[in-house]
Amino acid sequence: QVQLVESGGGLVQAGGSLRLSCVASGRTFSSYAMGWFRQAPGKEREFVAAISWSGGSTYYTDSVKGRFTISRDNAKNTVYLQMNSLKPEDTAVYSCAARLSYRGNSFYIETREYDYWGQGTQVTVSS
C-alpha cells in the first residue's frame with residue numbers, strides 16, 4: 001500500500017503561483033511513477049502532468065505546458081507541481097497518483113493506469 005498526502009493548495013490571484021507537494025509513505029517511493037490530476041466542479045477528472053520514477057521523463061497536458069513543472073525528490077518521498085501564471089480555469093481539486101513502474105523513463109497519463117490516489121488539495125484562482 002502507498003499513502004499519498006497532498007498539500008500546498010489555496011486561493012491565488014490570476015497570474016500568481018503555487019507549489020503543490022505530495023508526500024508518499026508505505027512503499028519504496030522511487031519505484032513509483034507519479035502523476036497529477038485535477039477535477040473542476042461538474043467536470044471529469046483530467047490529467048495534468050506525469051513523471052517517471054527516475055525523474056528522467058515528464059509529460060504535460062497542453063493547457064499547462066510552459067506554466068507548470070512536475071518534479072520529484074525520491075530522498076524525501078515527495079513529488080511537486082510548481083504552477084506559475086495561474087489562470088481561473090486552473091481552479092480545481094488537484095490530486096496526485098502513483099503506480100508501480102519497472103521502467104525508469106515510463107510515465108502514465110490515464111487515470112485507470114494509477115493504483116493509488118491522494119485525497120486532493122483545492123486550488124482556486126481568482127480573476
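Residues numbered from 1 in each chain as written. Predicted model: local features only at pLDDT ≥ 70, side-chain atom pairs only at ≥ 80, totals over all residues. Heavy atoms only, no water.

**Details of a nonpolar patch on the surface**
Reasoning step 1: A contiguous nonpolar patch, built from Y59, F107 and I109 and spanning about 230 Å² of accessible area, is present on the exposed surface.
Reasoning step 2: Within the secondary structure, F107 is located in the loop between β9 (92-100) and β10 (116-117). (Patch = residues over 30% accessible without salt bridge, like charges linked within 9 Å, V, L, I, M, F, W, Y side chains within 5 Å. Areas by Shrake-Rupley, 256 points an atom, 1.4 Å probe, with all protein chains shown as cover. Salt bridge = Lys/Arg side-chain N within 4 Å of Asp/Glu carboxyl O. Helix = DSSP H or I, 4+ residues; strand = E, 2+ residues; numbered from the N terminus.)

**Let's talk about the pattern of salt bridges**
Reasoning step 1: Counted under the stated rule, the structure contains four salt bridges.
Reasoning step 2: Residues E46 and R38 are paired through a salt bridge, measuring 2.6 Å at the closest nitrogen-oxygen approach.
Reasoning step 3: When salt bridges with common partners are traced through the structure, they connect R38, E46, R67 and D90 into a single cluster.

**Let's talk about the pairing of strand β5 (residues 46-51)**
Reasoning step 1: Within β5, five of the six residues are buried, which leaves the element mostly enclosed by the surrounding structure.
Reasoning step 2: Relative to β5, strand β4 (residues 32-39) is paired through five bridges, and the arrangement is antiparallel. Note that in β5 the partner of G35 across the bridge is A50.
Reasoning step 3: Hairpin connection between β4 and β5: a loop of six residues separates the two successive antiparallel strands, and G42 in this loop has a positive phi of roughly 75 degrees.
Reasoning step 4: The loop that links β5 with its antiparallel partner strand β6 (residues 58-60) comprises six residues; one of these, G55, has a positive phi angle of about 80 degrees. (Buried < 20%, exposed > 50% of the residue type's maximum accessible area, 1.4 Å probe, protein only. Pairing = 2+ DSSP bridges.)

**Some remarks on the environment of L18**
Reasoning step 1: Here L18 lies in strand β3 (residues 18-25).
Reasoning step 2: With 66 residues separating them along the chain, L18 and N84 place their C-alpha atoms 6.7 Å apart.
Reasoning step 3: When neighbours within four sequence positions are excluded, L18 is seen to be in contact with G8, G9, G10, V12, L81, Q82, M83, L86 and V123. (Contact = heavy atoms within 4.5 Å.)

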